[in-house]
Amino acid sequence: MQTNTNQFSWFQVPKQVKELLILAAQNWENTSESEKYIQKALSLTGENTDVLVAAYRFFFYKNNYFLALQITSQLLDKIKKSEQFPDEWEQLKPILVNRREEPPIRLYLNAYAATGLVLAKLGEIERAKEISLRVQEIDAKHDFGAGILMDVLTRPAEEDD
């Protein structure tokens, strides 16, 4: 099958990996088949940021929250290592606040907020709330959706009439 990999020119990966991602999209309805393509792309690229983001989205929308969480953890660890982030939140927070408009920081905050969403889907509500609150502390523009998630997580249950 011939695929047009030029439509994914921003992906800095080999043509074979782009083809695998396209095949995953083309086979979306066949979850086991499309997952094989995603897993193969991941195995060929290690921790390529674009492929990790694509894999997270794939697993999230396929409702495979355990793998989505694993992928966000990999992405967060990769950024943490490359940016030499401290382990403690109180030390990390001012770095994120001061650099929040930089692309790697925005990606970190997106992945961190996504982690909160996935944890909520997995029923880990308190951890999801903690992450949402942390992201909200940094996200003055509400770019990362943490406020919406917190609203959903803290909304009182509707009473039946």
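In what follows, the structure referred to is the one given above.
Residues numbered from 1 in each chain as written. Predicted model: local features only at pLDDT ≥ 70, side-chain atom pairs only at ≥ 80, totals over all residues. Heavy atoms only, no water.

Q: Quick question: what am I supposed to make of helix 5 (residues 89-98) here?
A: In an α-helix, one turn spans 3.6 residues; hence positions three or four apart end up facing the same way. Those residues of helix 5 lying buried are Trp 89, Leu 92 and Leu 96. Buried residues of helix 5 fall within an arc of 65° about the axis and therefore sit on the same side. Exposed positions of helix 5 whose direction lies more than 90 degrees from the buried face are Glu 90 and Asn 98. (Buried < 20%, exposed > 50% of the residue type's maximum accessible area, 1.4 Å probe, protein only. Helix = DSSP H or I, 4+ residues; strand = E, 2+ residues; numbered from the N terminus. Arc of directions from axis to C-beta.)

Q: Is there a simple way to think about the nonpolar core in this case?
A: Nonpolar side chains tend toward joint burial in soluble globular proteins. In terms of nonpolar packing, the biggest core is built from 48 residues, with Ile 38, Leu 42, Phe 59 and Leu 96 touching the most fellow members. Of all the secondary-structure elements, those providing two or more residues to this core are helix 1 (15-26), helix 2 (31-45), helix 3 (49-61), helix 4 (65-83), helix 5, helix 6 (103-121), helix 7 (125-138) and helix 8 (146-154). Per-element accounting of this core gives the leading share, 10 residues, to helix 6. Beyond its immediate chain neighbours, meaning those up to four positions away, Leu 96 contacts Phe 85, Trp 89, Ile 105, Tyr 108, Leu 109 and Ile 138. (Core = buried A, V, L, I, M, F, W, Y, C linked by side-chain atoms within 4.5 Å. Contact = heavy atoms within 4.5 Å.)

Q: Where do I start with the packing of helix 1 against helix 2 in this structure?
A: Angle between the axes and distance between the axes are the two parameters that describe a pair of packed helices. Running from amino to carboxyl end, helix 1 crosses helix 2 at an angle of 160°, the nearest separation of the two axes being 8 Å. Between helix 1 and helix 2, the interaxial angle falls into the category roughly antiparallel. Like other packed secondary-structure pairs, helix 1 and helix 2 cross with a definite hand, here left-handed. Of helix 2, the residues touching helix 1 (which contributes Gln 16, Val 17, Leu 20, Leu 21, Leu 23 and Ala 24) are Ser 34, Tyr 37, Ile 38, Lys 40, Ala 41, Leu 44 and Thr 45. (Axes fitted to C-alpha atoms, helices over the stretch in contact; angles between N-to-C directions. Parallel < 35°, antiparallel > 145°, perpendicular 65-115°, else oblique. Left-handed = near helix turned anticlockwise from the far one by under 90°.)

Q: Help me understand helix 6, please; the structure alone is not making it clear to me.
A: When the terminal C-alpha atoms of helix 6 are compared, their 27 Å separation across 19 residues agrees well with the 27 Å that a helix rising 1.5 Å per residue should span. Residues Ile 105, Tyr 108, Leu 109, Ala 111, Tyr 112, Ala 113, Ala 114, Thr 115, Gly 116, Val 118, Leu 119 and Ala 120 constitute the buried set of helix 6. Taken together, the buried residues of helix 6 touch helix 3, helix 4, helix 5, helix 7 and helix 8. The first or second residue beyond helix 6 is Gly 123, which carries a positive phi of 85°. (Expected span 1.5 Å × (residues − 1).)

Treat this as a map of the structure, not an account of what it does.
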